Amino acid sequence: MAKLTRRHFVVGSAMLFSAPLATSISAAPTSPRAMWDVWDAQVTPPGYDPSTSNPWGVHPRFLPVRVEAKAGLVPGDIHVDAVARYLYHIEPNGSTAMRYGVAIARGTLYEPGVYTMRRKAKWPTWRPTDDMIERDPDLYAQHAEGMDAGPTNPLGSRALYLYVGNRDTYLRIHGSPEPRSIGGRASSGCVRMIMAHINDLYPNVETGKTAHLYPPEDAIGS
């Protein structure tokens with residue numbers, strides 16, 4: 001992949017969206033459905049208001065907000081601005097998007113590119129990849145047989161599965177039991193969201209739509 005300059009990034013990503021709008025305010029294995037509502041309640045703050053609830057203590061700019069989108073973007077697609085740590089979901093009208101705060105992968109583990117969201121799952125189970133186990137066996141070998149779903153599972157409450165063609169990349173956009181990581185670089189490749197936020201996003205995402213993951217700051221030339 002050709003190295004992108006800062007100008008390329010600004011034209012290709014940052015200028016796709018405006019400041020917030022004023023408002024009135026494989027199928028992947030999953031857990032038993034009987035627990036879904038219980039777990040959703042555990043990860044949703046009392047009196048939850050997406051635009052103001054912040055028991056996680058993240059910067060307020062990472063709370064969900066509707067913004068204006070540049071003309072011509074495809075409704076239903078997702079754009080991840082890896083520099084600002086924002087995920088944008090283009091709404092059906094094509095002129096607005098919902099913006100959420102995210103965390104991205106640390107170091108070289110983040111993989112910018114264009115992906116198809118071929119699968120989605122509520123309260124998925126999780127298994128670290130072989131590469132993850134080899135890279136950090138003390139952390140991941142204990143989960144080599146997989147980890148049951150639930151609020152402490154690394155994929156959290158919802159997951160969107162990213163593919164290239166028919167190949168599962170093992171990259172996900174998912175909820176995280178570590179909400180304070182939002183805004184940083186923390187994962188082993190995936191894009192993390194606060195669980196209450198991805199719960200809001202999830203029903204509006206259609207499989208077959210495209211996820212655009214833009215390069216992070218250390219991949220952009222001056």
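Everything below is about the structure shown above.
In this convention, every chain numbers its residues from 1, walking through the sequence in written order. pLDDT decides what is reported in this predicted model: residues at 70 or higher carry local features, side-chain atom pairs at 80 or more are listed and counted, and totals for whole chains, interfaces and linings draw on all residues regardless. Calculated side-chain values reflect all of the structure's heavy atoms, with hydrogen atoms and water omitted.

Enquirer: What is the right way to look at the overall build of the chain in this model?
Expert: Looking only at helices and strands, the chain features 5 helices and 14 strands. For the chain, the exposed surface amounts to about 10,900 Å²; the carbon and sulfur share of it is 53%. In this description a helix means any DSSP run of H or I spanning at least four residues, a strand means any run of E spanning at least two, and both kinds are numbered starting from the N terminus. Using a 1.4 Å probe, accessible areas were evaluated by the Shrake-Rupley method; residue-level cover was limited to the displayed protein chains.

Enquirer: Any chance you could explain helix α2 (residues 36-43) here in plain terms?
Expert: Residues spaced three or four apart along an α-helix point in a common direction, a consequence of the helix completing one turn every 3.6 residues. Listed as buried for α2 are W36, W39, D40 and V43. All buried residues of α2 fall inside an arc of 105° around its axis, so they share one side. Seen from the open side of α2, the exposed residues pointing more than 90 degrees away from its buried face are D37, A41 and Q42. Contacts are assigned to residue pairs that have any heavy atoms within 4.5 Å of one another. Of the surrounding elements, those touching the buried residues of α2 are β8 (113-122), β9 (158-164) and α5 (195-201). Working definition: with a 1.4 Å probe on protein chains only, accessible area under 20% of the residue-type maximum means buried, over 50% means exposed, and in between means partly exposed. Picture the helix axis, draw a direction to every C-beta atom, and the arc is the one those directions span.

Enquirer: Would you take a moment to explain the pattern of salt bridges for this structure?
Expert: Any two side chains of opposite charge can pair, given that their charged atoms come close. Throughout this description, the term salt bridge denotes a Lys or Arg side-chain nitrogen within 4 Å of a carboxyl oxygen of Asp or Glu. Applying the stated criterion across every chain, the model contains 6 salt bridges. A salt bridge links R158 to D40; its shortest N-O distance comes to 3.0 Å. Within this pair, whereas R158 is found in strand β9, its partner D40 is found in helix α2, the two being separated by 118 residues in sequence. Across the salt bridge formed by R66 and E91, the nearest N and O atoms sit 2.7 Å from each other.

Enquirer: Mind showing me how you'd approach the nonpolar core here?
Expert: Here is a general trend for soluble globular proteins: nonpolar side chains tend to be buried in one another's company. Put simply, a nonpolar core is a bunch of buried Ala, Val, Leu, Ile, Met, Phe, Trp, Tyr and Cys residues held in one set by side-chain atoms that sit within 4.5 Å of each other. Formed by 25 residues in total, the largest nonpolar core has its most connected members in I78, L87 and I173. Once residues lying within four places of it in the same chain are set aside, the contact partners of I173 are I78, L87, R158, A159, L160, L162, V191, M193, I198 and A211. W56, V67, L73 and A97 belong to the second-largest nonpolar core, a separate cluster that totals 17 residues.

Enquirer: What exactly am I supposed to notice about the packing of aromatic side chains here?
Expert: For Phe, Tyr and Trp, where Trp contributes only its six-membered ring, two rings pair if their centres lie within 6.5 Å, and the inter-plane angle classes them as stacked under 30 degrees, edge-to-face over 60, or tilted in between. A complete count under the given rule lists 3 aromatic pairs for this structure. An angle of 65° between the planes, with centres 6.2 Å apart, marks the rings of F62 and Y86 as edge-to-face. One end of the pair, F62, is in the loop between α2 and β3 (65-69); the other, Y86, is in strand β5 (residues 86-90), with 24 residues separating them in the sequence. Judged by its relative accessible area of 10%, Y86 is buried.

Enquirer: How should the pairing of strand β6 (residues 96-101) be read in this particular structure?
Expert: Across a regular strand the side chains alternate sides, sitting on one face of the sheet and then on the other. For β6, a buried count of 6 out of 6 residues is recorded, marking the element as mostly surrounded by other parts of the structure. When DSSP finds two or more bridges between two strands, those strands count as paired. When β3 meets β6, the two strands line up antiparallel, connected through 4 bridges. Among the inter-strand pairings, V65 is bridged to a residue of β6, identified as R99. Summarising the sheet, β5 and β6 pair through 5 bridges and their orientation is antiparallel. Of the residues in β6, the one forming a bridge with H89 is M98.

Enquirer: Please clarify how the side chain of D168 should be interpreted in this entry.
Expert: Take D168: it is sitting in strand β10 (residues 167-176). With relative accessibility at 16%, the residue D168 sits in the buried group. Polar contacts, as used here, are pairs of N or O atoms within 3.5 Å; protein pairs need one atom able to donate a hydrogen and one able to accept it. Residues neighboring in sequence count only if both atoms are side-chain atoms. From its side chain, D168 meets the backbone nitrogen of Y170 in a polar contact 2.9 Å long. At a separation of 2.7 Å, a polar atom in the side chain of D168 contacts the side chain of R172. Setting aside anything within four residues of it in sequence, one finds D168 in contact with L162 and Y163.

Enquirer: I keep staring at the environment of G76 and nothing clicks. Help me out?
Expert: Within the secondary structure layout, G76 lies in the loop between β3 and β4 (78-81). The class of G76 is buried, set by a relative accessible area of 11%. Once the C-alpha coordinates of G76 and V205 are considered, the two residues, 129 residues apart in sequence, prove to be 6.4 Å apart. Here G76 is in contact with H89, I90, M117 and K209, once residues within four sequence places are set aside.

Enquirer: I'm lost on the side chain of R99 in this one. Help?
Expert: Among the secondary structure elements, R99 is positioned in strand β6. For the buried R99, no salt bridge exists, and the shortest N-O distance to an oppositely charged side chain is 8.5 Å, to D81. Polar side-chain contacts of R99 include one of 3.4 Å to the backbone oxygen of R61. Counting rule applied: Lys, Arg positive; Asp, Glu negative; His and chain ends not counted.

So, to be careful, I would describe these as geometric facts and stop short of saying anything about function.
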